[in-house]
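Breakdown of the fold
In case you want the letters, here they are:
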Amino acid sequence: MWFFARDPVRDFPFELSPEPAEGGPPGLWALHRGRKKATGSTVSVFVYDVKPGAEEQTQVAKAAFKRLKTLRHPNILAYIDGLETDKCLHVVTEAVTPLGVYLKARAEAGGPKELELSWGLHQIVKALSFLVNDCNLIHNNVCMAAVFVDRAGEWKLGGLDYMYSDQGNGGAPPRKGIPELEQYDPPELADSSGRAVREKWSSDMWRLGCLIWEVFNGPLPRAAALRNPGKIPKSLVPHYCELVGANPKVRPNPARFLQNCRAPGGFMNNRFVETNLFLEEIQIKEPAEKQKFFQELSKSLDSFPEDFCRHKVLPQLLTAFEFGNAGAVVLTPLFKVGKFLSAEEYQQKIIPVVVKMFSSTDRAMRIRLLQQMEQFIQYLDEPTVNTQIFPHVVHGFLDTNPAIREQTVKSMLLLAPKLNEANLNVELMKHFARLQAKDEQGPIRCNTTVCLGKIGSYLSASTRHRVLTSAFSRATKDPFAPSRVAGVLGFAATHNLYSMNDCAHKILPVLCGLTVDPEKSVRDQAFKAIRSFLSKLESVSEDPTQLAEVEKDVHAASSPGVGGAAASWAGWAVTGVSSLTSKLIRAHPTASLGEPNIPQRPTPDGLPAPAPTPIPPTPMTSGHWEAQEEAKDTAEDSSAADRWDDEDWGSLEQEAESVLAQQDNWSTGGHTGRAGQTSNPNHKSPESHWSSWEADGSWEQGWQEPSPQEPSPEGTRLASDYNWDGPESSDKGDPFADLSAHREVGTQPRPDSWGDDNWEGLETESRQVKAELARKKREERRREMEARRAEKKATKGPMKLGTRKLD
């Protein structure tokens, strides 16, 4: 029977490149790139080939193998696995690059930053301090070839071949026999008498000075070159001179050297070193310290190396969110670091965290996610948006905080292209209808109209036909002037989505009514839009063959490219509305539910009087708005909307933090702290609004275009024309006699306008009758009970004190 011996090299769980890597350390070991067979993760493999007659070198290599295997420190090369045979030694470590190769690559890319070098040297000195002060070991080989850099830019100390113990048997240090390494030996080693007084760390600190010189000036040609600091930073020169001094007694301990360099104004006293030190101890930091650190981290990330942000900061941010309850403060630095990732890495590391964040109930996190959605929306696929993100985002439409409602509206610009049919054309339109009709904040109603104009091209043809004209027509009746402007610009931005019949019969009549609007900016935009629509109608009238070309987008499927062209044609942008109107909210956090001084737009002759709008006006008259804007620029009236692209969307979110902290109920409609304003008992919270919206009817009932009715008989008046608060004269008769069968042309009951009329006068008499009957019943019941008590007393007599009632 034959037994075949297994080849340990073949069974080794790592495979390595056939050729050594560039810039490997001189001497015993050859550095190869490798990877783990099971996972494919990259590693570095140091290989030593046993040669006949080199027993001394083999013993040095085996000692280094043992040292690296037993020493564990964040700044010392990390050992993973190893293999020892009669022919070779394999030492597997974390994937690293020799420092010389790393600095050369960084120089070709523009040169390493001083921050990188300060932290790298800090790590090497810290490793030496650990060896000398904690382990009583002398490295004896500190040089450029003994330092390696991992993928995060962290410097690691290796080259443990010639290490020896300071508390040994008094034997001499191992002999190197390699000229490239012996040039770093301190001058006192040449003194064979041994009379030089020195500390145990003196030789390693001399070699550290040689390393510092090479980092800033390149390879060391000879020991005499150390006298010229060259490119070493001025803040480091005094401490460098201590290292390369001729007297070994004055060379500082590694711990003392770090302390000197970390002093105020020192080379290692900077934000990058402080950030790294905090990250190393983040697990033992207090929650308040972590919050402050993450808040200030974003400001510094731009100056930090890219590899450091990807491989060291990012894992700490993900861990802080997953296990440390860091909350919303990690979002800003997280998305900033995400810019350095590839699309595949972003999907693997950032997107799962983002999806989880959207399910959070933390308001601060929700609003920051909405504010920064532009940074990660391109990495989200449609199934993820529709099933895991949109269902959580829509809760923001019903939030009592207006800042969250506004940010939710803005986020739809980014989410709309990825929404499916049901979410975009049904669910989202329901929320937009409620916001435009019932939200008490004028800027939010305005932004809803603007957003609808932006995403109109993504809607289906049937939804566009049913929604856009009705929604923009409603916006033109809003008491908030910028909302009326937004309605006009909405028509203009989506001009290619309307048929010629709709332009002539539905849009132009609405725009003509705005030509007498109290606000000049509204009138100017109305005239501009009218001229545009008239030019289209005139061109089709002159050449009817153009009709098909002009209406090609009316019945077409959703086309994202159309929206951008329409918006640029209209000269409007969603950013301007919020920036122009946010100052009103900052001055008046909630809109007044009743503002008698708002000027009403005149009703054109021949058209029915508009029904009372259910939208609560903001506590600022049109004249006040115009006076406020007049001070900024006189000529803005005719071109305000054209320059909205230059504005910033900074609106309610600028004060979101303070608003979130107050936890005020913004849906109450009034606050007792404001003089002259009382709460409206008929005003409902957003939740009750939504419930009543679905109970009253579907989305189409909110934005449906009024349908013409039979003309009413002469003399018939609307219900709103009657004096409901006072008695009518007897000669007017019953006001409901004719209205039960007829309605005026162009009017239609709206489910969201029931709360505008005062029905108290009609119910006063019935309530009084009921109250009187209830009072009489209570009086009869009281008399009956008194009679029963008197009858019992007369029959049994009074009870004596101390007796027990037996019956």
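Just above, that's the structure.
Residues numbered from 1 in each chain as written. Predicted model: local features only at pLDDT ≥ 70, side-chain atom pairs only at ≥ 80, totals over all residues. Heavy atoms only, no water.

**As for the overall build of the protein chain**
The following threshold applies: The secondary structure listing takes helices from DSSP runs of H or I that are at least 4 residues long and strands from runs of E that are at least 2 residues long, numbered from the N terminus. Burial here depends on accessible area, computed with a 1.4 Å probe over protein chains only, as a share of the maximum for the residue type. Under 20% is buried, over 50% is exposed, and the range in between is partly exposed. We call two residues in contact when some of their heavy atoms are within 4.5 Å. A 1.4 Å probe and the Shrake-Rupley method give the accessible areas. Residues count as covered only by the protein chains that appear here.
Each helix and strand counted, the protein chain has 30 helices and 10 strands in total. In the protein chain, which comprises 807 residues, the proportion classed as buried is 47%. Long-range contacts, defined as pairs at least 24 residues apart, comprise 70% of the intrachain contacts of the protein chain with a sequence gap of at least 6. In the structure as shown, the protein chain presents an accessible area of about 41,000 Å², 52% of it carried by carbon and sulfur atoms.

**Some thoughts on unusual backbone geometry**
Residue Asn 136 is not a glycine yet carries a positive backbone phi of 55°. Within the element layout of this structure, Asn 136 appears in the loop between α3 (114–134) and β7 (137–138). Positive phi, normally seen in glycine, also occurs at Asn 140, with a value near 70°. Looking at the element boundaries, Asn 140 is found in the loop between β7 and β8 (147–150).

**Points about the sheet that holds strand β9 (residues 155–157)**
In plain terms, the rule: For two strands to be treated as a pair, DSSP must find no fewer than two bridges joining them. Every axis in this analysis is a line fitted to C-alpha atoms, fitted for helices over the stretch in contact. Angles between the N-to-C directions lie between 0 and 180 degrees.
The strand order across the open sheet built from 3 strands is β6-β8-β9, with neighbouring strands paired in antiparallel fashion. Each having just a single partner strand, β6 (96–98) and β9 make up the two edges of the open sheet. Between one strand axis and the next, the sheet turns by 40° as a mean value, whatever way the strands run. Against the sheet, helix α2 (residues 99–108) engages β6, β8 and β9, with an angle of about 85° to β6. Of the strands in this sheet, β8 and β9 touch α3, which is tilted by about 25° from β9.

**Observations regarding the packing of aromatic side chains**
To keep it simple, the criterion reads: Whether two aromatic rings pair depends on their centres lying within 6.5 Å, for rings of Phe, Tyr and Trp, where Trp uses its six-membered ring; planes under 30 degrees apart make the pair stacked, over 60 edge-to-face, and the rest tilted.
Here the structure, examined in full by the defined rule, presents 15 aromatic pairs. Relative to Phe 293, the ring of Phe 278 lies with its centre 4.2 Å away and its plane at 15°, an arrangement referred to as stacked. Remark: Phe 293 occurs in helix α9 (residues 287–301) and Phe 278 occurs in helix α8 (residues 271–280); sequence separation between them is 15 residues. Classification of Phe 293 as buried rests on a relative accessible area of 5%.

**Some points on the pairing of strand β3 (residues 42–49)**
The element β3 is extensively covered by neighbouring structure, given that 6 of its 8 residues are classed as buried. Pairing geometry for strand β2 (residues 30–36) and β3, over 6 bridges, is antiparallel. In the strand pairing of β3, His 32 is matched with Val 45. Alignment of β3 against strand β5 (residues 88–94), held across 7 bridges, turns out to be antiparallel.

**A closer look at the pattern of salt bridges**
Opposite charge on two side chains permits pairing when their charged atoms draw close. As a reminder, the rule being used: By definition here, a salt bridge exists when the distance from a side-chain nitrogen of Lys or Arg to a carboxyl oxygen of Asp or Glu is within 4 Å.
Throughout the structure, instances matching the rule amount to 26 salt bridges. The residue Asp 302 makes a salt bridge to Lys 336 at a minimum N-O spacing of 3.4 Å. Here Asp 302, found in the loop between α9 and α10 (306–323), pairs with Lys 336, found in helix α11 (residues 331–338); they are 34 residues apart in sequence, far enough to count as distant. For Asp 302, a relative accessible area of 57% corresponds to the exposed category. Exposure remark for Lys 336: the relative accessible area of 22% places this residue in the partly exposed category. Across the salt bridge formed by Arg 788 and Glu 784, the nearest N and O atoms sit 2.9 Å from each other. Of the two residues, Arg 788 and Glu 784 are both situated in helix α30 (residues 760–796); the distance of 4 residues between them amounts to about one turn of the helix. For Arg 788, a relative accessible area of 45% corresponds to the partly exposed category.

**Examining the pairing of β2**
Here strand β1 (residues 14–16) pairs with β2 via 3 bridges, running antiparallel. Its bridge partner being in β2, Leu 16 is matched across the sheet by Gly 34. Linking β2 to β3, which pair antiparallel, is a turn of 5 residues; within it Gly 40 sits at a positive phi near 80°.

**A short note on α8**
Let me state the cut-off plainly: A 3.5 Å cut-off defines polar contacts: any pair of N or O atoms within that distance qualifies, except that in protein one atom must be a possible hydrogen donor and the other a possible acceptor, and neighbouring residues in sequence count only when both atoms are side-chain atoms.
Among all positions in α8, only Phe 272, Val 273, Thr 275, Asn 276, Phe 278 and Leu 279 are buried. Next to the buried residues of α8 lie α3, α9 and α10. Residue Asn 270 occupies the N-cap position of α8, its side-chain oxygen lying 3.1 Å from the main-chain nitrogen of Phe 272.

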